[in-house]
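An overview of the molecular structure
Each chain, letter by letter, is given below.
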Amino acid sequence: MLIRPLRRLLTRSTAVSHFHTFPPCLSSKKILQKFKLADIGEGITECEVIKWNVKELGTIQSFDPLCEVQSDKASVEITSPFDGVVKEILVKEGEVAKVGQGLCVIEVDEELSDSSSAEQIEPASSSAPAPIIPNSKFVEDATSQAEQINEEPSTPRRPHPMDPNYSPPSVPDANPENVLAKPSVRHYARQSKVDLSRLPSGSGRDGRIEKKDIDAFLSQQASFVSADCSSAAPQAQAEQDVIVELGRTRYGMWKAMTQSLEIPHFGYSTSLDITSLHSLLPTLNSYIPEHFNPSKSSSLPINPSALYPAPSLSPVPESAQFTRLTYLPILLKTLAKAMMAWPVLRSSITPGSAHGGGKPTLTIRPHADIAVALSTTTGLYTPVIPRADTHSIYSLSSQLKHLSFLGRQVPCALTMNEMPKRGATVTVSNVGAVGDGEYAHPVLVPGGGVAIVAIGRARWVWDVSKSEHGERRLKIGVSWSADHRVLEGAELAAFVESWRTYVEAPERLIGEGI
């Protein structure tokens, strides 16, 4: 149908001139830009690309998620600064990119590139613009394409899965989005992990794929798999060594542990009597505030806000809600109280500078910043609970629940907000929640504060230290490691004894207004 109108156009003298009625300057000029990895944090020199949100030759808009990178501390999502088409991905998923290195090449309009940031984008090497096709050549190409389309034979209809002559294709030859199917059928196919492009024409109208076609495909695939398994002879796999490269987080931990050898450690271990805490815990669990535990509704028959609205509490996300307290938030609260009485445990080391004569200094913080060691599927992280002395026991438990939720995400959802550059002054590792040990030897890394404590498993023991006959007490082992360049051994021992007075007599928290 296209051949006859085109031939008519060729016979007219004015047809050829009409193809050049528009000037070439009206069409927008396309150029290639190289998008660089910007500096996402102080001290970060390289990042690992863990996920690309766009594929090559894919269209992207401004502020759309471009890719996700992960540094030694957190994962960051990078967005596109302009509209364009991703021509080439320079750094694949799992590869490491240096700050300032190109991540991808994007084709953009020349006008858009003028307004983009020069620090992140630079023109890539591009080929010369394509020459303008003459009028006669354009018409001949269009005519040949029309004849080719007219002469192409129609694609033969594929057999139905129930047809005995049907054989499933080994490689998908179509896009699943172009297959005729209802949204409910597509949802069922995604749940069944079936690629709709592998199915032939469906049994519905105009070859539409129905749910029964997917079921037939699954049953046929199951029969093929069972036949292959029964016919294949079992082969023994030879044992051999496997080389596994360290991920970004584990490699960061490797470097931090190597640097920890520069710190002279002083260790101190003892046990704390938490029998009183154990008796107090049921009472605290019975009165968890409603915004931390929404399942608990107020049992008061009278509305307390009948006269005047009561102060509204800040909303708590679902990931920070809990139904039961543990010993850890109480130990963190008592530790923060003891840290407020000991400024040296609230200090951080600042390396020496030329203005200070080359000597390092100590920065005393006004509040107790405590880090918590968190083991995740990708490695070890130490998120920080800032101003822990200003939190209640319930608030600390909510913070721990939320940090644990972020650490369990894949990839890890902890960001620079939970792990700031300045870090904490004391780190807590609750190893007793995993193992059955009572004591450990924690390692203090540079930038991790002046001390770290490992909390072991609580055990019931028979204590004869206070009475001749003895009594049954619940005790927990704590193991400290301190930076001996800052803390003296006597200071660390005295601080632990100060912490003991809060742990073994939690009534002090009530007297001091918690």
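About the criteria used
Residues numbered from 1 in each chain as written. Predicted model: local features only at pLDDT ≥ 70, side-chain atom pairs only at ≥ 80, totals over all residues. Heavy atoms only, no water. Helix = DSSP H or I, 4+ residues; strand = E, 2+ residues; numbered from the N terminus. Buried < 20%, exposed > 50% of the residue type's maximum accessible area, 1.4 Å probe, protein only. Contact = heavy atoms within 4.5 Å. Areas by Shrake-Rupley, 256 points an atom, 1.4 Å probe, with all protein chains shown as cover. Core = buried A, V, L, I, M, F, W, Y, C linked by side-chain atoms within 4.5 Å. Pairing = 2+ DSSP bridges. Axes fitted to C-alpha atoms, helices over the stretch in contact; angles between N-to-C directions. Expected span 1.5 Å × (residues − 1). pLDDT = per-residue confidence, 0-100. Parallel < 35°, antiparallel > 145°, perpendicular 65-115°, else oblique. Left-handed = near helix turned anticlockwise from the far one by under 90°. Nonpolar A, V, L, I, M, F, W, Y, C, P; charged D, E, K, R; others polar. Salt bridge = Lys/Arg side-chain N within 4 Å of Asp/Glu carboxyl O. Phe/Tyr/Trp six-rings, centres within 6.5 Å; stacked < 30°, edge-to-face > 60°. Lys NZ or Arg CZ within 6 Å of the ring centre and 35° of its normal.

The number of helices and strands found in the protein is 12 helices and 19 strands. Within the span of the protein, comprising 514 residues, buried residues form 36% of the whole. Taking as baseline every contact in the protein between residues at least 6 positions apart, the subset at least 24 positions apart corresponds to 67%. Taken as a whole, the protein presents about 31,500 Å² of accessible surface, with 55% of it coming from carbon and sulfur.

Leu332, Leu335, Leu345, Trp480 and Trp499 are the most contacted members of the largest nonpolar core, which totals 57 residues. Looking at this core element by element, the count peaks at eight residues for helix α9 (residues 327–341). Ignoring sequence-local partners within four residues, the contact set of leucine 345 consists of Met339, Thr425, Val426, Val450, Ala451, Leu487 and Phe495. Counting residues in hydrophobic clusters, the runner-up holds 22 residues, among them Ile31, Val86, Ile89 and Ile106.

Sheets are built from strands that pair by backbone hydrogen bonding, the pairs being arranged parallel or antiparallel. An order of β5-β4-β2-β7 is seen for the four strands of this open sheet, with the pairing classed as antiparallel. Strands at the two margins of the open sheet, each flanked by one partner only, are β5 (75–79) and β7 (96–98). Strand-to-strand twist across the sheet, computed as the mean angle between neighbouring axes with direction ignored, equals 40 degrees. Here helix α7 (residues 248–259) sits on the sheet and contacts β2 (46–52), β4 (65–70) and β7; the angle it forms with β2, its principal contact strand, is near 165 degrees.

Glancing now at helix α10 (residues 393–408). End to end, α10 covers 23 Å across 16 residues, agreeing with the expected 22 Å (1.5 Å per residue, within 8%). Every buried residue of α10 is listed here: Ile393, Tyr394, Ser395, Leu396, Ser397, Ser398, Leu400, Leu403, Leu406 and Gly407. Looking at the buried residues of α10, the elements they touch are α8 (275–286), α9, β13 (370–372), β14 (374–375), β16 (384–385) and α12 (507–511).

Looking at the protein, pLDDT values average 79 and 75% of them are 70 or higher. Under a pLDDT of 50 for its full length, residues 12–26 has, in the predicted model, nine contacts with residues more than four places off or in other chains. In this model, residues 115–121 is a region of pLDDT below 50 whose contacts with residues beyond four sequence positions or in other chains number 12 contacts.

Following both chains from N to C, one finds α9 and helix α11 (residues 489–504) inclined at 130 degrees, their axes separated by 9 Å at the closest point. Overall, the two elements α9 and α11 adopt an arrangement that is oblique. Crossing hand, α9 versus α11: right-handed. Note on element contacts: α11 touches α9 through Phe495, Ser498, Trp499, Tyr502 and Val503, opposite Leu331, Thr334, Leu335, Lys337, Ala338 and Met339. A per-class count over the contact of α9 with α11 returns eight nonpolar, two polar and one charged.

Turning our eyes to something else, we now look at the pattern of salt bridges. Applying the stated criterion across every chain yields a total of 16 salt bridges. When the shortest N-O distance is used, the salt bridge between aspartate 109 and lysine 30 registers 2.6 Å. Of the two residues, aspartate 109 sits in strand β8 (residues 102–109) while lysine 30 sits in strand β1 (residues 30–36), which places them 79 residues apart along the sequence. Lysine 30 gets classed as partly exposed once you look at its relative accessible area, which sits at 47%. One connected set of salt bridges, linked through shared partners, spans Asp436, Glu438, Arg457 and Arg459.

The side chains of a regular strand alternate between the sheet's two faces. With burial as the criterion, only one face of β1 is covered, namely that bearing Ile31, Gln33 and Phe35; the residues Lys30, Leu32, Lys34 and Lys36 on the opposite face remain uncovered. Sheet topology note: the β1/β8 ladder contains seven bridges and is antiparallel. Residue isoleucine 31 lies in a different strand from β8, and its bridge partner there is valine 108.

According to the stated counting rule, one finds five aromatic pairs in the structure shown. Taking the centre distance of 6.2 Å and the plane angle of 80 degrees together, the rings of tryptophan 342 and phenylalanine 495 count as edge-to-face. Here tryptophan 342, found in the loop between α9 and β11 (347–350), pairs with phenylalanine 495, found in helix α11; they are 153 residues apart in sequence, far enough to count as distant. For tryptophan 342, a relative accessible area of 22% puts it in the partly exposed group. Between tryptophan 480 and phenylalanine 495, the aromatic rings sit 5.6 Å apart at their centres with planes inclined by 90 degrees, giving edge-to-face as the arrangement. Within this pair, whereas tryptophan 480 is found in strand β19 (residues 471–483), its partner phenylalanine 495 is found in helix α11, the two being separated by 15 residues in sequence. Given a relative accessible area of 1%, tryptophan 480 falls into the buried group. Taken together, the ring pairs connect Trp342, Trp480, Phe495 and Trp499 into an aromatic cluster. Here the guanidinium or amino end of lysine 211 rests over the ring plane of tyrosine 188, the centre of that ring lying 4.7 Å away.

Let us look at the environment of alanine 458. As for its position among the elements, alanine 458 is in strand β18 (residues 451–463). Assessed through its relative accessible area of 27%, alanine 458 is described here as partly exposed. For the pair alanine 458 and aspartate 436, spaced 22 residues apart in sequence, the C-alpha separation works out to 8.9 Å. In this structure alanine 458 touches Ile274, Leu474, Lys475 and Ile476, once residues within four positions along its chain are discounted.

Within the secondary structure, serine 498 sits in helix α11. Residues contacting serine 498, with those up to four places away along its chain left out, are Ala338 and Trp342.

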